[in-house]
Amino acid sequence: MLRLRRAKSVKGSLRVPSDKSISHRAVILSSLANGESYVREWLSSADTKATLNILRALGTKIVRKGKDLKVYGRDYLFSEPPDVLDAKNSGTTARLMLGVLSTQPFFSLVTGDKSLRRRPMLRVVEPLREMGAFLDGRERGNRLPVCVRGGKIRGISFFNRKASAQVKSSLLLAGLRAEGYTEVVEPLLSRDHTERMLRAFGVKLHQMEGKDGHVIKVEGGQSLKSTEIFCPADPSSASFFVALAALLDGSELLLKDVLVNPTRDGFFRKLQEMGADVRYENLREISGEPVADVYVRHRGRLRGVEVKPEEVPSMIDELPVLAVAMALSEGSSRVRGAEELRVKESDRIRAVVEGLRAMGVSVEEFEDGFELEGVETLKGAKVKTYGDHRIAMAFSVAGLLAEGETLIDDPSCVAVSYPDFYKDLDYILIR
Ligand code: S3P
C-alpha cells in the first residue's frame, strides 16, 4: 500500500527507462539473427526479462553487462525447451514468441500469470494455424497455456482489424520462415517498431497503401544480419511525468532521449491540443527510430478534448494517464473506439472509471471508452490497481494532484515496465 499527498511541483530533467516494445524486439530479433548482435540501453523489467528468459530456454546465449546485451543469434534454429515457457504478465512476449515458435519443428508450451492467462490469444493462434502451424490451448486455443508444434509453414494475407502490433509482429516473424509472402493489411497503423528494426537487421520489407489500408509484406527465407540496436527512452513511461508537469503549477521538466515515433506519440500531441506546453527538442534518429528530448512546462488549466477511434492506436497505453489529465481539464472529454483497453493487463476502462469516480469525477462508461466532466480538484481516495502497472502509475499521478490522501493498493506492479518509477518520481518532486 502506498500513501500519496498533493505535490507542489515537479522540476528537473530525467532519462526514463528504455522503451519496452523496442527492448522486447531487440532481444528477439538479435536471437533470430545470424551472428552476434549488441543491444544498448536495454530495459530490464519484469516483462522484458520474461522474453529474455524464454529465449535462453530455447538455447540462445545472452550475456548481460549492465544495460547492454550481447546476443549470440541462432538464425532461427532453436532447441526444444526442457520446460514450460512463462511469459509472466507480458502480452508482447506471449504473442511474438508464439509467432517465432510456429517456425520451429518441436513442441513448446507457453503460459503466463493470472492476468495474461485471461487475455485473448486467438488473434495470433488463428492466423498462425492458417499458416500451417499446430497450436492448441484452453478455450480452443484462445487462452494460455497454448502449445505449439511448428515447422513447415506458408505465408498468408491477414487483415489487422484490431490494429494490434503484437499480432502484426507475430505474423511477420513467422512469415520470415514461411513459404512465399506474408502480408498484413492495417486500416489503422499500429506501432511499427518490428518493421523498422527488421530493416536494421537487413530484412527487405515491402510497404504500400492499398484500398483497405496500409500493407506490409515480407518474403520468407530471408536471414537477419547481426547488428547493434540502441533503445530510446519509453514515451509510455515518460507520459506520467509529462502529465504531472503539464498539470502542476510551477512545473518544468525535460525528458531525455524519448522515442517520438508517430505511431506512439499521440499522447504528447493530444496534450498539446489540450493547451499544454509540450515541445520536442534535439530531434534525431537512433537505430531507425525518431527520438527527441521532450520539454514540458505548466501554463495553466488544460481544455477538455475528444479522442477519436482513429487516434487510439497512437496513444493506447497512455489512455489511463490521459484520463487523469482530462479529469482536471475544463469542460467535458471523451474517448471512443478504445475497446481494446478492456483486454490489456486489466480491464483499463473499468479501472479508470472506478478510480476517477472514487476521486470525485463524474464519468460515464461505454463498452469502448468513457466520457467525463472535468473538475477543479481531485479528491484523494483508495484506488485499486488490479495489478496493472499503468493503472498504478496513472493513479499515482492523480494522487500527487489530489487534495487529501490517496492510497494505491499494489504499487509493486510498476516493476512490469518501470521498476524505479517511485525513485525517479522522488527525484523530480518538489513537495
Ligand atoms: C505492444 C502493442 C500494443 C500495446 C502493448 C505493447 C507491442 O498491444 O498495448 O503494450 O509491443 O507490440 P496490441 O498489439 O495488443 O495492440
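As the structure is a prediction and not an experimental result, all values here were calculated from the model.

Would you mind showing me how to read the overall build of the protein chain here?
Counting its secondary structure elements, the protein chain contains 13 helices and 26 strands. Here the C-alpha radius of gyration of the protein chain, 21 Å, is about what a compact globule of 431 residues would show, namely 22 Å. Overall, the C-alpha framework of the protein chain stretches about 60 × 45 × 40 Å when taken along its three principal axes. Taking all 431 residues of the protein chain together, 59% fall into the buried category. Looking at the protein chain alone, contacts between residues at least 24 apart form 74% of all its contacts between residues at least 6 apart. Of the accessible surface of the protein chain, which amounts to about 16200 Å², a share of 47% is contributed by carbon and sulfur atoms. Each charge sign in the protein chain was given a centre, from 66 positive and 60 negative side chains, and these centres are 3 Å apart.

Would you explain the packing of aromatic side chains in this entry?
Centre-to-centre distance and the angle between the planes together describe a pair of aromatic rings. All told, the structure shown has seven aromatic pairs when counted by the stated rule. Both rings, one in Tyr-418 and one in Phe-421, keep their centres 5.4 Å apart while their planes meet at 70 degrees; by these two values the pair is edge-to-face. Ring plane angle 75 degrees and centroid distance 5.0 Å describe the contact between Phe-421 and Tyr-422, whose orientation is recorded as edge-to-face. Neither Phe-421 nor Tyr-422 differs from the other in exposure class; each is buried. Through successive ring pairs, a cluster of aromatic residues spans Phe-240, Phe-241, Tyr-418, Phe-421 and Tyr-422. The aromatic ring of Tyr-181 is capped on one face by Lys-217, whose charged end is 5.0 Å from the ring centroid. It is Arg-336 that lies over the ring of Phe-366; its NZ or CZ is 3.8 Å from the centre.

Is there a simple way to think about the packing of helix H10 (residues 319-327) against helix H11 (residues 348-358) in this case?
Here H10 crosses H11 at 30 degrees, and the two axes come no closer than 10 Å. It follows from the interaxial angle that H10 and H11 lie roughly parallel. For the element pair H10 and H11, the recorded crossing hand is right-handed. Residues Pro-320, Ala-323 and Ala-327 of H10 form the contact with H11, whose own contacting residues are Arg-348, Val-352 and Leu-356. Broken down by class, the residue content of the contact of H10 with H11 amounts to five nonpolar, no polar and one charged.

Help me understand the sheet that holds strand E8 (residues 134-137), please; the structure alone is not making it clear to me.
The pairing of strands in a sheet comes from backbone hydrogen bonds and takes either a parallel or an antiparallel form. Pairing is mixed across the open sheet formed by four strands, whose spatial order is E6-E7-E9-E8. Two strands bound the open sheet, and with one partner strand each, they are strand E6 (85-86) and E8. Of the pairings in the sheet, the one linking E8 to strand E9 (residues 143-149) comprises four bridges and is antiparallel in character. If you follow Asp-136 over to E9, its bridge partner there is Cys-147.

Mind showing me how you'd approach the pairing of strand E13 (residues 181-186) here?
Every other side chain in a regular strand lies on the same face of the sheet, so the side chains alternate between the two faces. Where strand E11 (residues 157-159) lies against E13, three bridges are found, and the strand directions are parallel. By the bridge assignment, Phe-159 is partnered in E13 with Val-185. Pairing of E13 with strand E15 (residues 213-219) involves six bridges; the strand directions are antiparallel. Considered in E15, the bridge of Glu-186 is made with His-214.

What exactly am I supposed to notice about the nonpolar core here?
Generally speaking, soluble globular proteins have nonpolar side chains that are buried together. Counting residues in hydrophobic clusters, the biggest one holds 80 residues, and the most contacted among them are Phe-241, Leu-255, Leu-271 and Leu-378. Setting aside chain neighbours within four positions, we find Phe-241 in contact with Leu-14, Val-16, Leu-253, Leu-255, Tyr-418, Phe-421, Asp-424, Leu-425 and Ile-428. Within the second largest apolar cluster, 61 residues are counted, among which are Val-27, Tyr-76, Met-121 and Leu-135.

Which parts of the structure should I look at to understand the site of the ligand?
Close to the ligand lie Ser-21, Arg-25, Thr-92, Arg-95, Ser-164, Ala-165, Gln-166, Arg-191, Ile-316, Asp-317 and Lys-344, which account for all nearby residues. The backbone of Gln-166 places a nitrogen or oxygen atom 2.8 Å from an oxygen atom of the ligand. Bound to the protein, the ligand loses 94% of the 390 Å² it would expose on its own. Looking at the shell around the ligand, the elements with two or more residues in it are helix H1 (20-32), helix H3 (91-101) and helix H6 (165-175). In terms of residue class, the shell around the ligand is made up of two nonpolar, four polar and five charged. No fewer than three residues from each of domain 1 (2-18 + 232-430) and domain 2 (20-230) sit in the shell around the ligand.

Help me out: how do you make sense of unusual backbone geometry in this one?
Backbone phi values are negative for most residues with the exception of glycine, while trans is the configuration of most peptide bonds. Residues Leu-144 and Pro-145 are joined by a peptide bond in cis, for which omega reads -5 degrees. Tracing the backbone through its elements, the reader meets Pro-145 in strand E9. Backbone geometry places Tyr-76, a non-glycine residue, at a positive phi of 65 degrees. On the secondary structure map, Tyr-76 appears in the loop between strand E5 (68-74) and E6. Even without being a glycine, Glu-139 presents a positive backbone phi close to 50 degrees. Here Glu-139 lies in helix H5 (residues 138-141).

Reading the values: the criteria
Residues numbered from 1 in each chain as written. Predicted model: local features only at pLDDT ≥ 70, side-chain atom pairs only at ≥ 80, totals over all residues. Heavy atoms only, no water. Helix = DSSP H or I, 4+ residues; strand = E, 2+ residues; numbered from the N terminus. Rg over C-alpha atoms; globule rule 2.2 N^0.38 Å. Buried < 20%, exposed > 50% of the residue type's maximum accessible area, 1.4 Å probe, protein only. Contact = heavy atoms within 4.5 Å. Areas by Shrake-Rupley, 256 points an atom, 1.4 Å probe, with all protein chains shown as cover. Lys, Arg positive; Asp, Glu negative; His and termini not counted. Charge placed at Lys NZ, Arg CZ, Asp CG, Glu CD. Phe/Tyr/Trp six-rings, centres within 6.5 Å; stacked < 30°, edge-to-face > 60°. Lys NZ or Arg CZ within 6 Å of the ring centre and 35° of its normal. Axes fitted to C-alpha atoms, helices over the stretch in contact; angles between N-to-C directions. Parallel < 35°, antiparallel > 145°, perpendicular 65-115°, else oblique. Left-handed = near helix turned anticlockwise from the far one by under 90°. Nonpolar A, V, L, I, M, F, W, Y, C, P; charged D, E, K, R; others polar. Pairing = 2+ DSSP bridges. Core = buried A, V, L, I, M, F, W, Y, C linked by side-chain atoms within 4.5 Å. Near = heavy atom within 4 Å. Polar contact = N/O pair within 3.5 Å; in protein donor to acceptor, adjacent residues only side chain to side chain. Domains from an automatic or database assignment.

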